[in-house]
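What follows is each chain in one-letter form.
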Amino acid sequence: MTLRELVASQRFCQGLSEGQCGELAACASERQFAPGEFLLRQHAPADTFYWVLEGQVKIRLALPGQGLVTLETLGPDEAVGWSWFAPPYRCQFDALATTPTRTLAFAAAPLRALMERDPTVGYAVLKVLVSTLSERVQSCRLQVLDVYAPPGGRR
């Protein structure tokens, strides 16, 4: 399968034309990560958006006095990273491969430019991005509830 076909087969391309999928593919490359390898590091420049094809990725956050906390584990057909979309373009979390992981890696600057140029593509990508943000906020909310729960009420 070509990169263009691989990109076009993903759910965020549903409803997009062949040409639009081709433009998305022009922003993409296929990347693989070994277990223990980071896709993203908290506070590092956010210049890539990942789409998991195979494997698992832990989303972790460094919390003062708590160390690293795993917010969630992602798998195939899920997005990793959202900080590439808005300034200051810095990663908010760590993303760590826990199994051999295969991804589509989208270069952020050309992807943002494409989204600006073609609102249909922008909307398709934003639907995935908003879903990702919603999941991260929910995970963070649950972590905060756990951190501030009364000592006898902790899980």
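Relevant structure appears above.
Per chain, residue numbering runs from 1 following the sequence as it is written. Selection of residues for local features in this predicted model requires a pLDDT of at least 70, selection of side-chain atom pairs for listing and counting requires 80 or more, and totals for whole chains, interfaces and linings are taken over all residues. Think of the side-chain values as coming from all heavy atoms in the structure, minus any hydrogens and water.

Q: Kindly report on the pairing of strand β4 (residues 57–63), identifying the contributing residues and their values.
A: Across seven bridges, β4 lies against strand β5 (residues 67–74) in antiparallel orientation. By the bridge assignment for β5, Ala62 is matched with Leu68. Paired strands, as defined in this entry, are two strands with at least two bridges between them according to DSSP. The secondary structure listing takes helices from DSSP runs of H or I that are at least 4 residues long and strands from runs of E that are at least 2 residues long, numbered from the N terminus. In this antiparallel pair of consecutive strands, β4 and β5, the connection spans three residues, and Gly65 shows a positive phi of 75°. Pairing geometry for β4 and strand β7 (residues 94–97), over four bridges, is antiparallel. Counterpart to Lys58 in the pairing with β7 is Leu96.

Q: Please provide a residue-by-residue account of empty space enclosed by the protein, values included.
A: Grid spacing is 1 Å over the protein atoms alone, the probe is 1.4 Å, and a cavity is where that probe fits but cannot get out, while a pocket is an open set with protein on both sides within 12 Å along at least five of seven lines and lining residues have an atom within 4 Å of a point. Grid points are joined across faces, edges and corners, and a volume is the space filled by probe spheres set on the points. In total, this model carries two cavities of 30 Å³ or more according to the counting rule given. Residue lining of the largest cavity: 12 residues in total, with Leu40, Gly81, Trp82, Gln92 and Phe93 positioned closest to the centre. For the lining of the largest cavity, the class distribution of residues is seven nonpolar, three polar and two charged. For the second largest cavity, the full set of lining residues is Phe12, Leu24, Phe49, Phe106, Leu111 and Val125. Residues are grouped as follows: Ala, Val, Leu, Ile, Met, Phe, Trp, Tyr, Cys and Pro are nonpolar; Asp, Glu, Lys and Arg are charged; all remaining types, including Gly, are polar. Grouping the amino acids of the lining of the second largest cavity by side-chain chemistry returns six nonpolar, no polar and no charged.

Q: How would you sum up the nonpolar core? Please name residues and give values.
A: Buried Ala, Val, Leu, Ile, Met, Phe, Trp, Tyr and Cys residues that are joined via side-chain atoms within 4.5 Å together make up what is termed a nonpolar core. Using a 1.4 Å probe on the protein chains alone, a residue whose accessible area is under 20% of its type maximum counts as buried, one over 50% counts as exposed, and one in between counts as partly exposed. If you look at the biggest cluster of nonpolar residues, it comprises 44 residues, and the most contacted ones within it are Leu24, Val80 and Phe106. Setting aside residues no more than four positions away along its own chain, Phe106 makes contact with Val7, Phe12, Leu24, Cys27, Ala28, Asp47, Thr48, Phe49, Trp51 and Leu111. Note on contacts: a residue pair is in contact if any heavy atoms of the two residues lie within 4.5 Å.

Q: Before we move on, could you go through the pattern of salt bridges and cite the residues and values that matter?
A: Definition used for salt bridges: Asp or Glu carboxyl oxygen within 4 Å of a side-chain nitrogen of Lys or Arg. Considering all chains together, one arrives at six salt bridges under this definition. As a salt-bridge pair, Arg117 and Glu23 come within 3.3 Å of each other at their nearest N and O atoms. One end of the pair, Arg117, is in helix α3 (residues 108–117); the other, Glu23, is in helix α2 (residues 18–26), and 94 residues separate them in sequence. Here Glu23 falls in the partly exposed class, since its relative accessible area comes to 32%. Salt bridges sharing partners connect three or more residues here, namely Glu30, Glu54 and Arg102.

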